[in-house]
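Listed below are the residues making up each chain.
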Amino acid sequence: MSPVIRDARPEELDAVLRVWWEAGADESPTDDPVGLARLPVRDPHALLVADADGRLVGTLVVGWDGWRGSMYRLAVVPSMRRRGIATALVAEGERRLRELGARRISALVISSEEAAAGFWREVGYEHDARMHRYARSLPPLSYT
């Protein structure tokens, strides 16, 4: 049976983090339950998952800022790769962004991940050598 692509549920955030860990995704400062929990509060449709009979096997974060779309955290557990899951996640992300009015979508890919870069080229994305990403991690807010 093919996995179902759907919105992640709030109670599945630990399972999403496990998918990232199992897929070997590079960690970032927001890869924890507290950081991830903010995503569905802000946009309940931003975190897509691939559900194979109740087990999460893939994820994609789809962002829309009202001007452009973004995709990141595309991850599929190794035992489920090469089955079209990543392509299905991207297709659903594109569909949703198109409905919101997106005319351009960027995919963030770790530079050293040649297989990931190859995947994005295969599904029609072009490397934009004009751009570089600059990032800054902020300390978490204290609620005490």
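Here the structure is a predicted model, which means the values were calculated and not measured. (Residues numbered from 1 in each chain as written. Predicted model: local features only at pLDDT ≥ 70, side-chain atom pairs only at ≥ 80, totals over all residues. Heavy atoms only, no water.)

1. Notes on the sheet that holds strand β2 (residues 47-52)
Whenever strands of a sheet pair, they do so through backbone hydrogen bonds, lying parallel or antiparallel. Ordered by their spatial adjacency, five strands build an open sheet running β1-β2-β3-β4-β5, and the pairing between neighbours is mixed. The open sheet has two free edges, formed respectively by β1 (4-7) and β5 (105-107), since each of these has just one partner strand. With direction set aside, neighbouring strand axes in the sheet form an average angle of 25°. Where β1 and β2 come together, four bridges link them in antiparallel fashion. Bridge pairing in β2 links V4 to D51. (Pairing = 2+ DSSP bridges. Helix = DSSP H or I, 4+ residues; strand = E, 2+ residues; numbered from the N terminus. Axes fitted to C-alpha atoms, helices over the stretch in contact; angles between N-to-C directions.)

2. Here's the deal with the side chain of R6
Within the fold, R6 resides in strand β1. Residue classification places R6 among the buried residues on the basis of a relative accessible area of 12%. Of the polar contacts made by the side chain of R6, one reaches the side chain of E12; its length is 2.6 Å. Within the structure, R6 has its side chain in polar contact with the side chain of D51 (distance 2.8 Å). In this view, R6 contacts E12, L47, L48, V49, D51, L56 and R96; residues no more than four positions away in its chain are not counted. (Buried < 20%, exposed > 50% of the residue type's maximum accessible area, 1.4 Å probe, protein only. Polar contact = N/O pair within 3.5 Å; in protein donor to acceptor, adjacent residues only side chain to side chain. Contact = heavy atoms within 4.5 Å.)

3. Things to note about a negative patch on the surface
A surface patch of negative charge is lined by D26, E27, E113 and E114. The residue E27 is located in the loop between α1 (13-23) and α2 (33-42) in this model. (Patch = residues over 30% accessible without salt bridge, like charges linked within 9 Å, V, L, I, M, F, W, Y side chains within 5 Å. Areas by Shrake-Rupley, 256 points an atom, 1.4 Å probe, with all protein chains shown as cover. Salt bridge = Lys/Arg side-chain N within 4 Å of Asp/Glu carboxyl O. Lys, Arg positive; Asp, Glu negative; His and termini not counted. Charge placed at Lys NZ, Arg CZ, Asp CG, Glu CD.)

4. Some words on the packing of α1 against α2
The contact between α1 and α2 brings their axes to 10 Å, and the two run at 115°. With respect to α2, the element α1 is oriented roughly perpendicular. Like other packed secondary-structure pairs, α1 and α2 cross with a definite hand, here right-handed. Between α1 and α2, the contacting residues are L13, D14, V16, L17 and W20 on the first element and P33, L36 and A37 on the second. Tallied by class, the residues present in the contact of α1 with α2 amount to seven nonpolar, no polar and one charged. (Parallel < 35°, antiparallel > 145°, perpendicular 65-115°, else oblique. Left-handed = near helix turned anticlockwise from the far one by under 90°. Nonpolar A, V, L, I, M, F, W, Y, C, P; charged D, E, K, R; others polar.)

5. Considerations on the confidence of the model for the chain
Note: predicted coordinates in regions of low pLDDT should not be interpreted at a detailed level. Confidence in the prediction for the chain averages 92 pLDDT; 97% of positions are at 70 or higher. For the chain, per-element mean pLDDT is lowest for α2, which scores 88, and highest for β1, which scores 98. (pLDDT = per-residue confidence, 0-100.)

6. Re the side chain of E12
Topologically, E12 is positioned in the loop between β1 and α1. Apart from residues lying up to four places away in sequence, E12 is in contact with R6, D7 and L56.

7. Points about the pattern of salt bridges
Two side chains carrying opposite charge are able to pair once their charged atoms lie near each other. Tallied over the full model, the rule gives eleven salt bridges. In this structure, R6 and D51 form a salt bridge, with 2.8 Å as the shortest nitrogen-oxygen distance. One end of the pair, R6, is in strand β1; the other, D51, is in strand β2, and 45 residues separate them in sequence. Here R6 and D51 have matching classes, each one buried. The shortest N-O distance in the salt bridge between R73 and D31 comes to 2.3 Å. Of this pair, R73 sits in strand β4 (residues 69-76) while D31 sits in the loop between α1 and α2, placing them 42 residues apart in sequence. Bridged by salt links that share partners, the residues D7, E92, R95, R96 and E99 form one connected network.

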